[in-house]
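Residue strings, one per chain:
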Amino acid sequence: MKLGIVGLPNVGKSTLFNSLTKAGAESANYPFCTIDPNVGIVTVPDERVDVLARMHHSAKVIPAVIEFVDIAGLVKGASKGEGLGNQFLSHIREVDAIVHVVRCFEDENVVHVDGKIDPIRDIETIHYELIFSDIEILERRIAKVQKGAKNDKKLEKEVAFLKELKAFLEDGNLAKNFELADEETEELFAEYQLLTAKSVIYACNTTESDLQNDGRDNAGIEKVREFAKQENSQVFVICAQIEQEISELEDDERKMFLDDLGLEESGLEKLVRASYELLGLISYLTTGEDETRAWTITAGTKAPGAAGKIHTDFERGFIRAEVVSYKHLAEYGSNAAAKEKGLVRSEGKEYVVQDGDVIVFRFNV
């Protein structure tokens, strides 16, 4: 999973990126501090992996990972070359979802590019730049396809589709809200890699005092929640400065620090949960003496498809999957004990893998 962190300059993007990845991206109180996109790989916190690894004395532990890309602050006119221009918009096209950091705190020592805190205005500024960039992509495609459309019914249909989609964007709509008529238009739509077709998670960056009640007393955060609800996006509340402090602590100290703040989970854990929910992802597990590993798949994946994540031979020669839930395996302490209780099941090709399934695949090639 690859997530792009975007937002206006000085909203806390790079501070958040630093805390999530410990990559040490430069963070300073002036616009365009981030010149090139910073990239960091983060392991997904999952205590199930640790428990199973201890249970089986695994030689290797491989958790799921997320790749974060911190993209330079966008400003009004970015799609036309303002600020650092739309060279950075191309980086967003490569991600699975966008983490849009929105400033929801007042601080006279941290300048705002528009001079005033207004989360919804800030969100719309970014939206319009992404829309303008998408329109430019469609215009270029129309110009290219139109030449051959006179003698090609398929290209003629694509031009009509492109023009309809372009008009939809020109009305200020996001591409992800455009209704696709059939499988053919779905394939075309995916090919264009439109920025506004991507799923969005809004990270409301606020003060420490807003964290304990999840920002319920912050009017700006509540407005973002209402806005996000209308477009089926996820929202989580974070204090980038606190996250940076958390990232510098050892695991046991981190737990104590969170407890002192009255928090159950870190910002990274909130973001991972929101990302998985938004993208419809789950994790199944494999475990043994050699390694314990978390595998990320799309919810609804059947057993052969899940096996294919490990190796194509597993999918091609799939026979069956021996499945036990993590909850039962952790409760009884071993696969043998869970099997005695009748909790290890043999599942076939139609079985839909569930989050937390611990699986042994049987195959023959």
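Residues numbered from 1 in each chain as written. Predicted model: local features only at pLDDT ≥ 70, side-chain atom pairs only at ≥ 80, totals over all residues. Heavy atoms only, no water.

Caption draft 1: Quick look at the overall build of the protein chain. Along its length, the protein chain carries 15 helices and 12 strands. Residues counted as buried form 48% of the 365 residues belonging to the protein chain. For the protein chain, the accessible surface area stands at approximately 18,400 Å², while carbon and sulfur atoms represent 46% of it. (Helix = DSSP H or I, 4+ residues; strand = E, 2+ residues; numbered from the N terminus. Buried < 20%, exposed > 50% of the residue type's maximum accessible area, 1.4 Å probe, protein only. Areas by Shrake-Rupley, 256 points an atom, 1.4 Å probe, with all protein chains shown as cover.)

Caption draft 2: Structural view of the pairing of strand β9 (residues 291–298). Bridging between strand β3 (residues 60–62) and β9 involves three bridges; their strand directions are parallel. Note on β9: the bridge partner recorded for Ile-62 is Arg-293. The sheet contact formed by strand β8 (residues 281–286) and β9 spans six bridges and is antiparallel. Note that in β9 the partner of Tyr-284 across the bridge is Trp-295. Adjacent in sequence and paired antiparallel, β8 and β9 are bridged by four residues. (Pairing = 2+ DSSP bridges.)

Caption draft 3: The side chain of Ser-14, seen in detail. The residue Ser-14 is located in helix α1 (residues 13–21) in this model. Here Asp-70 takes part through its side chain, which lies 2.8 Å from a polar atom of the side chain of Ser-14. (Polar contact = N/O pair within 3.5 Å; in protein donor to acceptor, adjacent residues only side chain to side chain.)

Caption draft 4: How the structure looks around unusual backbone geometry. Residue His-57 is not a glycine yet carries a positive backbone phi of 50°. Look at His-57 and you get exposed, because its relative accessible area is 68%. At Asp-214, a residue that is not glycine, the phi angle is positive and equals roughly 55°. In this structure, Asp-214 sits in the loop between α7 (208–211) and α8 (219–230).

Caption draft 5: Representation of the nonpolar core within the structure. Among the nonpolar cores identified, the biggest contains 66 residues, and Phe-68, Ile-92, Tyr-202 and Val-224 are the most heavily contacted of them. Here this core takes six residues from helix α11 (residues 267–279), the largest share from any one element. (Core = buried A, V, L, I, M, F, W, Y, C linked by side-chain atoms within 4.5 Å.)

Caption draft 6: Examining the packing of helix α5 (residues 153–170) against helix α6 (residues 183–192) more closely. The contact between α5 and α6 brings their axes to 11 Å, and the two run at 65°. Viewed along their axes, α5 and α6 form a crossing whose handedness is right-handed. Across the interface between the two elements, Lys-154, Lys-157, Glu-158, Phe-161, Leu-162 and Leu-165 from α5 touch Glu-184, Thr-185, Leu-188, Phe-189 and Tyr-192 from α6. Among the residues forming the contact of α5 with α6, the class breakdown is six nonpolar, one polar and four charged. (Axes fitted to C-alpha atoms, helices over the stretch in contact; angles between N-to-C directions. Left-handed = near helix turned anticlockwise from the far one by under 90°. Contact = heavy atoms within 4.5 Å. Nonpolar A, V, L, I, M, F, W, Y, C, P; charged D, E, K, R; others polar.)

Caption draft 7: Quick peek at the pattern of salt bridges. With the rule as written, the count across this model stands at 29 salt bridges. Between Glu-291 and Lys-60 there is a salt bridge, with its nearest N and O atoms 3.9 Å apart. Remark: Lys-60 occurs in strand β3 and Glu-291 occurs in strand β9; sequence separation between them is 231 residues. Between Arg-316 and Asp-313 there is a salt bridge, with its nearest N and O atoms 2.7 Å apart. Remark: Asp-313 and Arg-316 occur in helix α13 (residues 312–316); sequence separation between them is three residues, near one turn of the helix. Residue classification places Arg-316 among the exposed positions, given a relative accessible area of 61%. Each of the salt bridges in this network shares a partner with another, and the network as a whole consists of Asp-214, Arg-216, Glu-222, Arg-225 and Lys-270. (Salt bridge = Lys/Arg side-chain N within 4 Å of Asp/Glu carboxyl O.)

Caption draft 8: Local environment of the packing of α1 against helix α9 (residues 240–247). With their axes 8 Å apart at the nearest point, α1 and α9 run at an angle of 25° to one another. The angle between α1 and α9 falls in the class roughly parallel. Crossing geometry of α1 relative to α9 is assigned as left-handed. Here α1 contributes Thr-15, Leu-16, Asn-18 and Ser-19 to the contact with α9, which in turn contributes Ala-240, Gln-241, Glu-243, Gln-244 and Ser-247. In the contact of α1 with α9, the residues fall into two nonpolar, six polar and one charged. (Parallel < 35°, antiparallel > 145°, perpendicular 65-115°, else oblique.)

Caption draft 9: Structural view of α8. Taking 1.5 Å of rise per residue, 12 residues should cover 16 Å, and α8 covers 17 Å from first to last C-alpha, within 8% of that figure. Residues Gly-220, Ile-221, Val-224, Arg-225, Phe-227 and Ala-228 constitute the buried set of α8. Each buried residue of α8 sits inside an arc of 165° when the element is viewed along its axis, so together they form one side. Among the exposed residues of α8, those oriented more than 90 degrees off its buried face are Ala-219, Lys-223, Lys-229 and Gln-230. The inward-facing, buried residues of α8 contact β5 (97–103), α4 (119–149), β6 (199–205) and β7 (234–238). Between the side-chain oxygen of the N-cap and the backbone nitrogen of Gly-220 there are 2.9 Å, and the N-cap of α8 in question is Asn-218. Looking one or two residues beyond α8, the residue adopting positive phi is Asn-232, at roughly 55°. (Expected span 1.5 Å × (residues − 1). Arc of directions from axis to C-beta.)

Caption draft 10: Spotlight on the sheet that holds strand β2 (residues 38–43). Spatially, β2-β4-β1-β5-β6-β7 is the arrangement adopted by the six strands of the open sheet, whose pairing is mixed. At either end of the open sheet lies a strand with only one pairing partner, and these are β2 and β7. In this sheet, neighbouring strand axes are inclined to one another by 25° on average, regardless of whether the strands run parallel or antiparallel. Of the pairings in the sheet, the one linking strand β1 (residues 2–6) to strand β4 (residues 65–70) comprises four bridges and is parallel in character. Across the sheet, the residue bridging to Gly-4 is Val-69, located in β4.

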